[in-house]
Amino acid sequence: MAQYRILLMHPMDPRGAKLGGIETHVRMIQTSHPQDFSILFVGVDEFGDLPQGKITRVFVGGRGIDFLPVAHIGAAAINSPGRSLLESTTFRFAFGALRHIFKIRSAVKGSPVSADLQRFEFALLPKLLGLKSVQMVHGEGSKEQKMDSLIKKLWFLHRANESIALRLADRVLCVNPNIIERLKRILPSAARKAEVMTVSVDTKRFAPKPFNCADGIFRIVFAGRLDAFKDPPLMFTILAALHKRLHGRLEFHYIGTTDPARYPEFEAIRGFTVRYGFQPAEEVAEIVASCHAGILTSYFEGMPCYLLETLSAGRPFGAIRLPQYDPLIVSGVSGAMVERSEPADACIAQMTDAFAALWEDISAGRVDPGRVHALVEPYSIQNQMARLFAHHRALQDAKPGDSRAAARAGEPAMGG
């Protein structure tokens, strides 16, 4: 039997098609946990075929986990932002978890367990169960910036949940250094138990591959949800301009479940867009390897899994600059970045120029997939997941009342 157990809670079905960076991170915990760990995943049933509040053994990437669904939410709803609080996936999951709290308590009774959380809204649940917890902070942004989720409308509630979650957590893991700097300003007590740990990448699955430029068509890929904060209108406008610059020798490959036609700017690129819908990681790796570069135009990010995976496959990026990209998108090695401008005309022109130059470098053999891949080795599953599981071991090994000592066990320097 496994010596340690993690209560992993997130509103998704491990068998389902919910797509996003957080979901990729959750699947990595499910598929890469060490042999001395077992996983109890409290989530939602996307297919309506499992009893709620009861454990079912399921397999994710060949690894067995215990799955306890607390709500039934279909694929269409789970991949769409809620129109109201009561309709939101987050609320329905939290309500379901509270409704089945005694079933969850029974499932974690009798052995050391710690909770792993990705969302602030669920921070009270481990405390109701008497568990220590690791809180991952995936994003940043402000209410003034564009976003689709209800967080923008209920910003005061989001900030209240954040404060509660960070105070209750025994460890706090932040996906980029900007988040820790913000915590130092607004909640120093949380910053003292925080460190940087980004989402991870499977560097073996996303291995560097040679470019295929034989047909002379530049293929740019994007994977994930086309949420408003990703700025799809800017992305599509840049791709339209680049298509014109390259005399039609351009394709855009989109992996994801969002309908890009929700943005009027998509019409200009519809004719050269290839859409795949949801794809498992193995297929994503194949699609990315068949392309030449990635694109990012977000107003804000945590650390995109798609960025790490695409670079790991040896594919460079054109991006609107965010500080956390600086170690990864290196001029002359792994792509180019430009600063956002308002109005956007300047950055559209600069990004078009940057992509055209990048395509010349790729075609001429001046971009080395191996060098691009090397930039993400520090973010590999092997390097990062070991840290995450070490924190859970320390929390579970600690004596009652000794959570601070447990949290410090094996702790790297701040921001490491």
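What you are looking at is a predicted structure, and each value in this text was computed from that prediction instead of being measured.

## Concerning the overall build of the protein
Looking only at helices and strands, the protein has 15 helices and 14 strands in total. Expected size for 416 residues packed as a compact globule is a radius of gyration near 22 Å; at 21 Å, the protein falls within 12% of this value. Reported as C-alpha extents along the three principal axes, the dimensions of the protein are approximately 65 × 40 × 40 Å. The burial tally for the protein puts 55% of its 416 residues in the buried class.

## What to know about the pairing of strand β1 (residues 4–9)
Most of β1 is tucked away: 6 of the 6 residues are buried. Note: β1 against strand β2 (residues 37–45), 6 bridges, orientation parallel. Bridged to Met-9 within β2 is Val-42. After leaving β1, the chain enters helix α1 (residues 21–32) and then returns to the sheet as β2, a path that is right-handed. Sheet topology note: the β1/strand β5 (residues 113–117) ladder contains 5 bridges and is parallel. The residue bridging Leu-8 from the neighbouring strand is Asp-116, located in β5.

## Re the sheet that holds strand β11 (residues 273–275)
Through backbone hydrogen bonds, the strands of a sheet pair up, either in parallel or in antiparallel fashion. Spatially, β11-β10-β9-β12-β13-β14 is the arrangement adopted by the 6 strands of the open sheet, whose pairing is parallel. Unpaired on one side and paired on the other, β11 and β14 (335–338) mark the two borders of the sheet. Within the sheet, the average angular offset between the axes of one strand and its neighbour, ignoring direction, is 20°.

## What to know about unusual backbone geometry
The amide bond that connects Glu-342 to the next residue, Pro-343, takes the cis arrangement and shows omega of 0°. Here Pro-343 lies in the loop between β14 and α12 (345–363). The phi dihedral of Asp-231 falls on the positive side, at around 55°, and the residue is not glycine. Here Asp-231 is to be found in the loop between β9 (218–223) and α9 (232–245). Since its relative accessible area comes to 7%, Asp-231 is described here as buried. Despite not being glycine, His-247 has its phi angle at roughly 55°, a positive value. Positionally, His-247 belongs in the loop between α9 and β10 (250–255). By relative accessible area, His-247 is classed as exposed at 73%.

Definitions and cut-offs
- Residues numbered from 1 in each chain as written.
- Predicted model: local features only at pLDDT ≥ 70, side-chain atom pairs only at ≥ 80, totals over all residues.
- Heavy atoms only, no water.
- Helix = DSSP H or I, 4+ residues; strand = E, 2+ residues; numbered from the N terminus.
- Rg over C-alpha atoms; globule rule 2.2 N^0.38 Å.
- Buried < 20%, exposed > 50% of the residue type's maximum accessible area, 1.4 Å probe, protein only.
- Pairing = 2+ DSSP bridges.
- Right-handed = clockwise from strand over helix to strand, strands pointing away.
- Axes fitted to C-alpha atoms, helices over the stretch in contact; angles between N-to-C directions.

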